[in-house]
Amino acid sequence: MAKDKKEIKALIEKLKGLKTENMYLNDFFHTWKETDDEIAAVFTVAEILRGMRENNISTKVFDSGLGISVFRDNSTRTRFSFASACNLLGLEVQDLDEKLSQIAHGETVRETANMISFMADVIGIRDDMYIGKGHTYMKTVSEAVQEGYRDGVLEQRPTLVNLQCDIDHPTQSMADMLHVINYFGGVENLKGKKVAMTWAYSPSYGKPLSVPQGIIGLFTRFGMDVVLAHPEGYNVMSEVEEIAAENAKKSGGSYKRVNTMEEAFKDADIVYPKSWAPFAVMEERTKLVEEGKFDELKALEKRCLENNAKFKDWTCTEELMKTTKDGKALYMHCLPADISGVSCKEGEVDASVFDRYLVPLYKEASFKPYIIAAMIFLAKFSNPSGKLEEILEKGKKRIR
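Quick summary incoming for the structure in this document.

1. Topic: the pattern of salt bridges
So, point 1. Applying the stated criterion across every chain, the model contains 22 salt bridges.
So, point 2. Put simply, Arg-72 and Asp-127 hold a salt bridge, and the shortest N to O gap is 2.8 Å. Taken together, the residues Arg-72 in the loop between β1 (66-71) and α3 (77-89) and Asp-127 in strand β3 (residues 120-127) connect sequence positions 55 residues apart.
So, point 3. The exposure class assigned to Arg-72 is partly exposed, which follows from its relative accessible area of 35%.
So, point 4. Accessibility expressed as a relative area gives 7% for Asp-127, which makes it buried.
So, point 5. Connected through salt bridges with shared partners, the residues Glu-13, Lys-16 and Glu-389 form a single ionic network.

Structural data, given as structure tokens:
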């Protein structure tokens, strides 16, 4: 249901009470690097921006400027969400296609970062395929544009938004959480809710770890009982599990890892069955690519697919869904899902389950443009609540 202007004003008042000064002119890398106030501010600004659009109020705060997108892996939802977010704020988008750039001719990351940043206000990067590489690349770009701004090369310092790296997928996990907040009627209703973040079978290999890591790294901050389930050997990064455990301790929730999908699904309020590659495999793959050992890479892929096939019973079925809380758990997925009998012979989820949750899944995805826009907004305005009040008072129509 669309928010009215009174509700939008109340959200702006809420924002005034949150400490966001450290987000100004800063980057957004991992959710666990942000304070509780900063996480709450992203959700609040996202809701305000969505409310304004629902009320036909223009939120174009930039008269000119660029949003640069760098996608080093394929993307549909995140790519279009970034473009939508930039457009919502008045920025044009330019995609860096590395195949059409001078990178192939030896241009360094630091050089590229400055060359693409003239009159740019934000850089969104997705680099999730290789362990130890994606986040490192983003940090290098961040440091390079900071130097460019410091040395007078750039008139402004572009904000960097992590659109998925090898460690975290913050725009996804935060869109997921905002969906959950809305679904259950507020943050105050999340304590004690059981979340099953489980591995699920896929006929493909090498899916990133950043989604499950993003979920356990964020959802444990809300007093929820988060359970990670996967077959033996399909571990995520131990450092992220440590973060999840510490978050749960602070929030009054819990975090644990179990060995079966059945245990995770039992009485769960939320289920998130999603395939990922084992951390050790991702490390090995990264090393083989670095060393150019492509024959060995093919052998690794073959071994991984054979190992995946041992766990075809790790799939979200109607029978498993019946074991969740009242048989009505919220099914979630970052999409695209591997749907049994539709996109593949056997996959992460039964077609009947997926079809029943189509509308909630679309709603889940719909929050991402607003999350990204909120991250950009909070990095660009030292007084975000004041700017939002100005926009609301002006009430400029988006469609006239």
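Next comes the rest of the write-up.
2. Comments concerning a positive patch on the surface
So, point 1. On the surface, a cluster of positive charge is contributed by Arg-53, Lys-60, Lys-394, Lys-396, Arg-398 and Arg-400.
So, point 2. Tracing the backbone through its elements, the reader meets Arg-400 in the segment after α16 (384-394).

3. A few points about unusual backbone geometry
So, point 1. Along the chain, Leu-335 connects to Pro-336 via a cis peptide bond; the corresponding omega equals 0°.
So, point 2. Here Asp-326, not a glycine, exhibits a phi torsion of approximately 55°, which is positive.
So, point 3. Its location among the elements puts Asp-326 in the loop between α12 (318-322) and β9 (330-331).

4. Regarding the state of the cysteines
So, point 1. The final tally for this structure, using the stated rule, is zero disulfides.
So, point 2. Cys-86 carries a free sulfur, and the closest cysteine sulfur to it, the one in Cys-165, is 19 Å from it.
So, point 3. Left unpaired, Cys-165 is separated from the closest cysteine sulfur, that of Cys-334, by 14 Å.
So, point 4. A relative accessible area of 0% means that Cys-165 is categorised as buried.

5. Digging into the nonpolar core
So, point 1. Formed by 125 residues in total, the largest nonpolar core has its most connected members in Met-177, Val-180, Met-224, Tyr-331 and Leu-388.
So, point 2. Those residues within four positions of Val-180 in sequence are excluded, and the remaining contacts are Leu-190, Phe-219, Met-224, Ile-270, Leu-330 and Met-332.
So, point 3. Val-281, Leu-297, Leu-300 and Cys-304 belong to the second-largest nonpolar core, a separate cluster that totals six residues.

6. A closer look at the pairing of strand β7 (residues 254-258)
So, point 1. Bridge count for strand β6 (residues 225-229) against β7 is five bridges, and the pairing is parallel. Following the sheet pairing, Leu-228 is matched in β7 by Arg-257.
So, point 2. Taking the sense of rotation as the criterion, the β-α-β connection linking β6, helix α8 (residues 238-251) and β7 turns out right-handed.

7. Focus on the sheet that holds β7
So, point 1. Ordered by their spatial adjacency, five strands build an open sheet running β7-β6-β5-β8-β9, and the pairing between neighbours is parallel. Single-partner strands in this sheet number two, and they are β7 and β9.
So, point 2. Alignment of strand β8 (residues 270-273) against β9, held across two bridges, turns out to be parallel. Along β9, the bridge assignment pairs Ile-270 with Leu-330.
So, point 3. Of the strands in this sheet, β6 and β7 are in contact with α8, which crosses β7 at around 140°.

8. Some words on the side chain of Lys-194
So, point 1. Within the secondary structure layout, Lys-194 lies in strand β5 (residues 194-198).
So, point 2. Within the buried set, Lys-194 has no salt-bridge partner at all; the shortest N-O distance to an opposite charge, 6.3 Å, is to Asp-267.
So, point 3. At a separation of 3.2 Å, a polar atom in the side chain of Lys-194 contacts the main-chain carbonyl oxygen of Ala-264.

9. Observations concerning α8
So, point 1. In this model, α8 (14 residues) spans 20 Å end to end at C-alpha, consistent with the 20 Å of a helix rising 1.5 Å per residue.
So, point 2. Every buried residue of α8 is listed here: Val-240, Glu-241, Ala-244, Asn-247, Ala-248 and Ser-251. The buried residues of α8 occupy an angular sector of 120° when the element is viewed end-on, so they sit on one face. Across from the buried face of α8, at angles greater than 90 degrees, the exposed residues are Glu-242, Lys-249 and Lys-250.
So, point 3. At its buried positions, α8 is contacted by α7 (210-219), β6 and β7.
So, point 4. Immediately downstream of α8, the backbone of Gly-252 shows phi near 85°, a positive value.

Rules of the game
Residues numbered from 1 in each chain as written. Predicted model: local features only at pLDDT ≥ 70, side-chain atom pairs only at ≥ 80, totals over all residues. Heavy atoms only, no water. Salt bridge = Lys/Arg side-chain N within 4 Å of Asp/Glu carboxyl O. Helix = DSSP H or I, 4+ residues; strand = E, 2+ residues; numbered from the N terminus. Buried < 20%, exposed > 50% of the residue type's maximum accessible area, 1.4 Å probe, protein only. Patch = residues over 30% accessible without salt bridge, like charges linked within 9 Å, V, L, I, M, F, W, Y side chains within 5 Å. Areas by Shrake-Rupley, 256 points an atom, 1.4 Å probe, with all protein chains shown as cover. Lys, Arg positive; Asp, Glu negative; His and termini not counted. Charge placed at Lys NZ, Arg CZ, Asp CG, Glu CD. Disulfide = S-S within 2.5 Å. Core = buried A, V, L, I, M, F, W, Y, C linked by side-chain atoms within 4.5 Å. Contact = heavy atoms within 4.5 Å. Pairing = 2+ DSSP bridges. Right-handed = clockwise from strand over helix to strand, strands pointing away. Axes fitted to C-alpha atoms, helices over the stretch in contact; angles between N-to-C directions. Polar contact = N/O pair within 3.5 Å; in protein donor to acceptor, adjacent residues only side chain to side chain. Expected span 1.5 Å × (residues − 1). Arc of directions from axis to C-beta.

Read these as layout, nothing more, since geometry by itself doesn't imply function.
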